[in-house]
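Observations on chain architecture
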Protein chains: 2
Amino acid sequence: MSDAAVTFAKENGERFVEELKALLRIPSVSTDPERAADVRRAAEYIAVELRRIGMENVRLIETSTPETVLASSSGPGQVVAAREGHPLVYADHLHAVPAADGKPVVTILLYGHYDVQPPEPLDEWKTPPFEPTERDGDLFARGSADDKGQVWMHVKALESLLATGGGRLPVNVRVIVEGEEEVGGEGIAAFVREHPDQLAADVALVSDSEMFAPDLPTLCVGLRGMIYTEIEARGARTDLHSGMYGGAAPNPLVALAQIIAKLKDESGRILIPHFYDHVAAPTAAELKAWKALPFDEEHYRETEVGSTELTGEPGFSVLERTWARPALDVHGIAGGFTGAGAKTVIPARAVAKVSMRLVPEMTTAESFALFKTYVESICPRGITLEVRLIHSGDPTVVSTDNAFVRAATSAMHTVFGKETVYIRSGGSIPIVGDFIRELGIPSVLMGFGLPDDNIHAPNEKFHLANFHRGIESIVRFMTSAGA
Amino acid sequence: MSDAAVTFAKENGERFVEELKALLRIPSVSTDPERAADVRRAAEYIAVELRRIGMENVRLIETSTPETVLASSSGPGQVVAAREGHPLVYADHLHAVPAADGKPVVTILLYGHYDVQPPEPLDEWKTPPFEPTERDGDLFARGSADDKGQVWMHVKALESLLATGGGRLPVNVRVIVEGEEEVGGEGIAAFVREHPDQLAADVALVSDSEMFAPDLPTLCVGLRGMIYTEIEARGARTDLHSGMYGGAAPNPLVALAQIIAKLKDESGRILIPHFYDHVAAPTAAELKAWKALPFDEEHYRETEVGSTELTGEPGFSVLERTWARPALDVHGIAGGFTGAGAKTVIPARAVAKVSMRLVPEMTTAESFALFKTYVESICPRGITLEVRLIHSGDPTVVSTDNAFVRAATSAMHTVFGKETVYIRSGGSIPIVGDFIRELGIPSVLMGFGLPDDNIHAPNEKFHLANFHRGIESIVRFMTSAGA
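Parameters at a glance
Residues numbered from 1 in each chain as written. Chains lettered and ligands numbered in written order. Predicted model: local features only at pLDDT ≥ 70, side-chain atom pairs only at ≥ 80, totals over all residues. Helix = DSSP H or I, 4+ residues; strand = E, 2+ residues; numbered from the N terminus. Rg over C-alpha atoms; globule rule 2.2 N^0.38 Å. Contact = placed C-beta atoms within 7 Å. Buried ≥ 20, exposed ≤ 12 C-beta atoms within 10 Å, placed from the backbone. Pairing = 2+ DSSP bridges. Least-squares fit on C-alpha atoms with pLDDT ≥ 70 in both. Axes fitted to C-alpha atoms, helices over the stretch in contact; angles between N-to-C directions. Core = buried A, V, L, I, M, F, W, Y, C linked by C-beta atoms within 7 Å. Expected span 1.5 Å × (residues − 1). Arc of directions from axis to C-beta. Domains from an automatic or database assignment. Nonpolar A, V, L, I, M, F, W, Y, C, P; charged D, E, K, R; others polar. Parallel < 35°, antiparallel > 145°, perpendicular 65-115°, else oblique. Left-handed = near helix turned anticlockwise from the far one by under 90°.

Secondary structure summary: chain A contains 14 helices and 20 strands in total. For a compact globule of 483 residues, the expected C-alpha radius of gyration is about 23 Å, and chain A comes in at 24 Å, within 12% of that figure. A principal-axis box enclosing the C-alpha atoms of chain A has dimensions of 80 × 60 × 45 Å. In chain A, the share of contacts with a sequence separation of at least 24, taken over all contacts with a separation of at least 6, comes to 79%.

Here we take up the pairing of strand 9 (residues 203–206) of chain A. Residue and element names in this part refer to chain A. Because side chains alternate across strand 9, one face comprises the buried residues Val203 and Leu205, and the other comprises Ala204 and Val206, equally buried. Relative to strand 19 (residues 443–445), strand 9 is paired through 3 bridges, and the arrangement is parallel. Bridge assignment links alanine 204 to a residue of strand 19, and that residue is serine 443.

Two copies of one chain are present, and they are related through a rotation about an axis combined with an axial shift. Laying chain A over chain B is done by rotating through 180° and shifting 0.0 Å along the axis; what remains is an RMSD of 0.1 Å. The two molecules are tied by a two-fold rotation axis, judged by turn and shift. Within chain A, the C-alpha atom positioned nearest to the axis of rotation is that of alanine 257 of chain A, 2.1 Å from it.

With that settled, the discussion passes to the sheet that holds strand 6 (residues 133–135) of chain B. Residue and element names in this part refer to chain B. The strand order 6-7-20 describes an open sheet built from 3 strands, whose pairing is antiparallel. If you trace the sheet from one side to the other, it starts and ends with strand 6 and strand 20 (461–463), each paired once. Going across the sheet, the axis of each strand differs from the next one's by a mean of 25°, ignoring polarity. Both strand 7 (residues 138–140) and strand 20 contribute to a ladder of 3 bridges, which runs antiparallel. Bridge assignment links aspartate 138 to a residue of strand 20, and that residue is histidine 463.

In this section: the nonpolar core. As a rule of thumb, nonpolar side chains are buried together in soluble globular proteins. Judged by nonpolar contacts, the single largest core of 279 residues is most densely connected at Ile108 and Leu256 of chain A together with Ile108 and Leu256 of chain B. Setting aside chain neighbours within four positions, we find isoleucine 108 of chain A in contact with Val171, Val173, Ala201, Val203, Leu205, Met478 and Ala481 of chain A.

Residue and element names in this part refer to chain B. Taking 1.5 Å per residue, 12 residues should reach 16 Å; helix 2 (residues 13–24) reaches 17 Å between its end C-alpha atoms and fits that length. What helix 2 keeps buried is the set Phe16, Leu20, Leu23 and Leu24. Mapping the buried residues of helix 2 onto a view down its axis gives an arc of 95°, with all of them on the same face. Exposed side of helix 2, more than 90 degrees from the buried face: Glu14, Arg15, Glu18 and Ala22 are the residues found there. Against helix 3 (36–53) and helix 4 (144–164) lie the buried residues of helix 2.

With that settled, consider the domain arrangement of chain A. Residue and element names in this part refer to chain A. The domain boundaries assigned to chain A delineate domain 1 (2–223 + 395–482) and domain 2 (225–279 + 326–393). Taking only C-alpha atoms into account, the centre of domain 1 sits 34 Å from that of domain 2. In this complex, domain 1 contributes 7 residues to the contact, which on the side of domain 2 involves 10 residues. Considering only residue class, the side of domain 1 that touches domain 2 consists of 3 nonpolar, 4 polar and no charged.

Once that is clear, we can look at the environment of isoleucine 270 of chain A. All names here are of chain A. Within the secondary structure layout, isoleucine 270 lies in the loop between helix 7 (252–261) and helix 8 (284–292). Owing to 20 C-beta atoms within 10 Å, isoleucine 270 belongs among the buried residues under this scheme. Separated by 58 residues in the primary sequence, isoleucine 270 and leucine 328 have C-alpha atoms spaced 7.1 Å apart. In contact with isoleucine 270, other than residues within four places in its own chain, are Leu263, Lys264, Phe275, Pro326 and Leu328.

This brings us to the sheet that holds strand 13 (residues 327–334) of chain B. All names here are of chain B. In spatial order, the strands read 13-15-11-16; together these 4 strands make up an open sheet with antiparallel pairing. Only two strands of the sheet have a single neighbouring strand rather than two, namely strand 13 and strand 16 (384–393). Mean inter-strand twist for the sheet, computed between neighbouring axes without regard to direction, equals 20°. Pairing between strand 11 (residues 225–234) and strand 16: 9 bridges, direction antiparallel. Bridging from a neighbouring strand, tyrosine 228 pairs with histidine 391 of strand 16.

Counting from both sides, the interface comprises 80 residues of chain A and, opposite them, 80 residues of chain B. Put simply, the parts of the chain that give the side of chain A that touches chain B at least two residues each are strand 12 (240–241), helix 6 (242–245), helix 7, helix 10 (318–323), strand 13 (327–334), strand 14 (345–346), strand 15 (349–358) and strand 16 (384–393) of chain A. Looking at the side of chain A that touches chain B, the element that brings in the most residues is strand 13 of chain A, giving 7 residues. Within the side of chain A that touches chain B, the residues separate by chemical class into 32 nonpolar, 35 polar and 13 charged.

Glancing now at the pairing of strand 5 (residues 107–113) of chain B. Residues and elements named next belong to chain B. Counting buried residues in strand 5 gives 7 out of 7 residues, a clear majority hidden from the surface. Side chains Thr107, Leu109, Tyr111 and His113 of strand 5 all project onto a buried face; the interleaved residues Ile108, Leu110 and Gly112 project onto the opposite face, where all are buried too. Relative to strand 8 (residues 172–178), strand 5 runs parallel, the two sharing 7 bridges. Residue pairing across strands places glycine 112 opposite valine 177, the latter belonging to strand 8. Where strand 5 meets strand 9 (residues 203–206), 4 bridges bridge the pair, whose relative direction is parallel. Counterpart to leucine 110 in the pairing with strand 9 is leucine 205.

On to the environment of glycine 315 of chain B. Summarising the element assignment, glycine 315 of chain B is placed in the loop between helix 9 (297–305) and helix 10 (318–323). Placed 112 residues apart in sequence, glycine 315 of chain B and glycine 427 of chain B show a C-alpha to C-alpha distance of 21 Å.

On to helix 1 (residues 2–11) of chain B. Residues and elements named next belong to chain B. Within the sequence span of helix 1, burial applies to Ser2, Ala5, Val6, Phe8 and Ala9. Down the axis of helix 1, the smallest arc covering the buried residues is 160°, so these residues share one side. Structural note: helix 1 exposes Asp3, Thr7 and Glu11 on the side pointing more than 90 degrees away from its buried face. Close packing links the buried residues of helix 1 with helix 2, helix 4 and helix 14 (464–482).

Time to look at the environment of glutamate 386 of chain A. For glutamate 386 of chain A, the location among the structural elements is in strand 16. A sequence separation of 14 residues divides glutamate 386 of chain A from lysine 372 of chain A, and the C-alpha atoms of the two residues are 8.9 Å apart.

Time to look at the packing of helix 1 (residues 2–11) of chain A against helix 14 (residues 464–482) of chain A. Residues and elements named next belong to chain A. It is the contact of helix 1 with helix 14, at a shortest axis distance of 10 Å, that shows an interaxial angle of 160°. Comparing the axis directions of helix 1 and helix 14 gives the class roughly antiparallel. Crossing geometry of helix 1 relative to helix 14 is assigned as right-handed. Residues Ser2, Ala5, Val6 and Ala9 of helix 1 touch helix 14, and the partners they reach there are Ile471, Glu472, Val475, Arg476 and Thr479. Along the lines of polarity and charge, the residues of the contact of helix 1 with helix 14 split into 5 nonpolar, 2 polar and 2 charged.

This is the structure:
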């Protein structure tokens, strides 16, 4: 079954890429309220295609996030206002035939997201972010690798199997594609929590991560978690003139700088008390495997990062620092005047966006509580602070001793002709934690991005060879998992 | 002569305010390139009125700032590109008759500026910044106090004197009004430097400062200088994802925070080595006079600043800290993502706008050199810096032992019926230094703003009683200076 499907995928590869380009042309930036219609259009595009290839029960599931709860005289609190969320795309196909040996039918939940990061700064793109362009075997567009290209691998693997299998699949399949991954994924988290039966499965296949190197089949078995916060600092009642008031009025931008400078020391070690208390060290076997990976820190510095030096905690390798150690970053500081020229303002308020990456056994709740308590304890004089949690996701580690991980390993070995390496990722895929907690299922993180794909940055790309190998690997994984 | 002019001003006061409102409706934001036409429109409005009231040689003087100088094979370097500046408004009236006692005729140079600060944040204005609105005796609009309202006092004092003096003035008068005060005033600085003869005068009258209290006639005899800088920090080659790279890639926003936190300590003392070396202490007489002023720090904190505490160097009063001590402020930090929601970016670059206020005997050149050297010396690892000077102005002190200061004191005494207080201002008026250096003349800083006028902030206002008393004071000052 899988060989015919692979042949079909190869014969139709060019069409698959053209279809993906149409999806990439839709600017489904979930963080931008003005793009809400585009986000929905991307969901509809995927739903239409799932229906066309023969998937069933295809539908958009609306999501919303309750924002205000008012007590009512006649009963319990009532939600009176809700923010409309971006829809989930759902489909299934549940007609797999049990194998001759009586093994129960396996159900695989395919997960991906169709929303993308904002494309800014626009002037750093060589070709426009929403005009997909092929150059040297890469497809450049916002969302090409993260994650529309990988979602399309799922859809096209399903098409290849259905088209060559007489409308049947080797396993039962449910598909869920969300549109809020880049803004915290509250909608899918609520759906998973409230309707676990509608997503019942044995394993999730998540393709939203990257390979370690272009020809190295990779399974990601660990993810960092995160807490994304805002620190709002208020000083004077209104903006003040720095000539008249400089030397007497508190400056919220200076206060935020003073706070940020105390969040980690200059070597990169986070200074929040007890922040490292529950950090679990990788096993000796993991550390040994990571040392054997083809990784050169100087090459990484020069080609991937491009800075004069790398930073981070002393005593840990780059892979340990980005996969198995917490990190803290500042993403933006709003307030005052940042336009062209000079405005001599002491702003009344300023806001810093600060996130922390978490590793197993840290929890989001405790980490945020430690952060908030510490920030409040170092508040400069004259300043009042509000520390807010914007969103969060648990860190996860997936066991390699799992039939589905073995099936994925075998599928990729067939496609790549090489041993699969097990890595972790520094990124966060909160849904993986939700699947563990609410559905009780592990996730196979079979991603086909590359380290230099510029996800979340200008000139994001997807290596097209990986798009095709990804489809083949998923076809073989589903076949092997159902055998 | 002055009594008739004062009567004229009183009878025409309402018309004067309506004319001022028309000027305030023009959004002459000099820092915004898209407002260039509006800035010119404000200049033209003033020129038309100066011509109407009988001033002579009224004209707009174009300014430009050379930006590129190329060596030429046939001679010295040639300016090949220039940024177009905002025009100066010039007028004069040089027909004063010498007094009977043979004293030489005095020439007064009236200075003000017609450009305004950006109005942002717009949502904090109770009424729109460019729709002048009267409330409780105040006129609310961007530029009402800083400085269009005060420019209009000059124009209306001239009108009152010309209308009641048979087309003659008690002194020779030159008027120069600039349109780049809020962006560094390079145009007028160049004009003063290159054409001192066209502005030849005995004294400048500058109305761009404030009174110490609503009914307290005030002359400002000292100004802080300033250097306005940008620190640009670069880390990775492109924006990076904080999940993948957090813990290894340098973060320019964190680097700027670390640098800013080292620019002054938490008490407010600036940490740049040798920065205080040339700070001249106020005289004992000045300090004694300041202590006698009606100033209550707690009232100031609560009503003017509105913060929980004041900040600044220990051991100095608020007036010393804001008038006679240097100060350092951050006005904005650009880079990364500051929109709604969460973007997990480590930006490739970030820029902080940082200014320092200078006091006599500090110089702008040495202060900037000390700042630049220090910032570069504390550059965090993995980061490259560029430290730029955006504009600067010298600090100045004007002697109170001056005939024109005495004439101004006497004029204000007549109008207010109270003794004039001599103060300094924490703000910077670079042109005062240019007048000293290039024209060899002192400036009388007779300003009629109030401490709560919200200049450079939302809800800027001008107290209309001061507008009228200002006109009267200027009429009496010119009459007295010419007697």
